[in-house]
Amino acid sequence: GAVVSQHPSWVICKSGTSVKIECRSLDFQATTMFWYRQFPKQSLMLMATSNEGSKATYEQGVEKDKFLINHASLTLSTLTVTSAHPEDSSFYICSASWAVGGTGELFFGEGSRLTVL
Amino acid sequence: DQQVKQNSPSLSVQEGRISILNCDYTNSMFDYFLWYKKYPAEGPTFLISISSIKDKNEDGRFTVFLNKSAKHLSLHIVPSQPGDSAVYFCAASSQGGSEKLVFGKGTKLTVNP
């Protein structure tokens, strides 16, 4: 089955630094990738949708300049948390689909835990 | 190794009948389980959750059952409606839901009018 890998799985950084999280589709071309933030016991918050080669579409309330998303190739999307603060500490999860707009099957990455000190 | 498994990629039911979506897990540390619903071109939305201290949680037409000994949970939708047609993802977490979610591969439910 399709596999989506995230790296790193856990990152600890100092407040004010930037952190990049990668999301890779290992055995298929991911036309669309989604980035989510997970809150304990709560629903996933969709942060943005990215289609390969175009700018990401951010959900309302998500700061574009703080959460930079790049989907430069069909197998890789990156989320960069710029000037991270302790309140950004969370799990960040990506999902990928080979269909435009994510209308096809959706495969989730393993999640990346960000801890900002 | 898949820790959360949804063995049925698709399910088709008649409107008004019960839909039962199944999910199995292997990690005994999981103690919090969630179901998400996903429509085409949208992100998953939270549907219902259950903690391992319970064996049933009900919310309207949706009920989740947890069988810890079998490491199995199921989502029941009664009565099923055409608008319920979507992909349903089962997810599990440990530490009371504070650890990262592990997702199953989803089951596509089609409710026929």
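Computed from a predicted model, the values in this text were never measured in an experiment.

### A closer look at the overall build of chain A
Within chain A one finds zero helices and eleven strands. Listed by position from the N terminus, the elements making up chain A come as β-β-β-β-β-β-β-β-β-β-β. The globule rule puts the C-alpha radius of gyration for 117 residues at 13 Å, and the 13 Å found for chain A is close to it. With respect to the three principal axes, the spread of C-alpha positions in chain A is 35 × 25 × 25 Å.

### Considering the sheet that holds strand β3 (residues 19–25) of chain A
All names here are of chain A. Pairing within the open sheet is antiparallel, and its four strands lie in the order β1-β3-β8-β7. At either margin of the open sheet sits one strand with a lone partner, and together these are β1 (4–7) and β7 (67–73). Neighbour to neighbour, the strand axes of the sheet diverge by 15° on average, direction disregarded. As judged from the four bridges shared by β1 and β3, these two strands associate in the antiparallel manner. Each bridged residue has a counterpart across the sheet, and for Val 4 the counterpart in β3 is Ser 25.

### Notes on the nonpolar core
Side chains of nonpolar character tend, in soluble globular proteins, to be buried together. In terms of nonpolar packing, the biggest core is built from 26 residues, with Val4(A), Trp35(A), Phe67(A), Ile69(A), Leu79(A), Tyr92(A) and Leu114(A) touching the most fellow members. Elements with a contribution of two residues or more to this core: β2 (10–13), β3, β4 (32–38), β5 (44–51), β7, β8 (76–81), β9 (90–97) and β11 (112–116) of chain A. Setting aside residues up to four positions removed in sequence, Leu79(A) forms contacts with Val19(A), Lys20(A), Ile21(A), Trp35(A), Met47(A), Phe67(A), Leu68(A), Ile69(A) and Tyr92(A). Leu21(B), Val64(B), Leu73(B) and Val111(B) belong to the second largest nonpolar core, which has 23 residues in total.

### What to know about the pairing of strand β11 (residues 107–112) of chain B
Residue and element names in this part refer to chain B. Only one face of β11 is buried: it carries Thr 107, Leu 109 and Val 111, and the other face, with Lys 108, Thr 110 and Asn 112, is open. Bridge count between strand β2 (residues 10–14) and β11: five bridges; the pairing is parallel. If you follow Val 13 over to β11, its bridge partner there is Val 111. Both strand β9 (residues 86–94) and β11 contribute to a ladder of three bridges, which runs antiparallel. Bridging across to β11, Ala 86 finds its partner in Leu 109.

### Considering a nonpolar patch on the surface
Taken together, the side chains of Trp10(A), Ile12(A) and Leu117(A) make up a nonpolar region of the molecular surface, amounting to roughly 370 Å² of accessible area. Tracing the chain through its elements places Trp10(A) in strand β2.

### Regarding the pattern of salt bridges
This structure, assessed with the given rule, holds five salt bridges over all chains. Notably, a salt bridge pairs Lys66(A) with Asp88(A), separated by 2.9 Å at the nearest N-O pair. Residue Lys66(A) is located in the loop between β6 (57–58) and β7, and its partner Asp88(A) is located in the loop between β8 and β9; the two are separated by 22 residues in the primary sequence. An identical accessibility class is assigned to Lys66(A) and Asp88(A); each is buried. One network of salt bridges, in which partners are shared, links Lys37(B), Arg61(B) and Asp84(B).

Conventions used here
- Residues numbered from 1 in each chain as written.
- Chains lettered and ligands numbered in written order.
- Predicted model: local features only at pLDDT ≥ 70, side-chain atom pairs only at ≥ 80, totals over all residues.
- Heavy atoms only, no water.
- Helix = DSSP H or I, 4+ residues; strand = E, 2+ residues; numbered from the N terminus.
- Rg over C-alpha atoms; globule rule 2.2 N^0.38 Å.
- Pairing = 2+ DSSP bridges.
- Axes fitted to C-alpha atoms, helices over the stretch in contact; angles between N-to-C directions.
- Core = buried A, V, L, I, M, F, W, Y, C linked by side-chain atoms within 4.5 Å.
- Buried < 20%, exposed > 50% of the residue type's maximum accessible area, 1.4 Å probe, protein only.
- Contact = heavy atoms within 4.5 Å.
- Patch = residues over 30% accessible without salt bridge, like charges linked within 9 Å, V, L, I, M, F, W, Y side chains within 5 Å.
- Areas by Shrake-Rupley, 256 points an atom, 1.4 Å probe, with all protein chains shown as cover.
- Salt bridge = Lys/Arg side-chain N within 4 Å of Asp/Glu carboxyl O.

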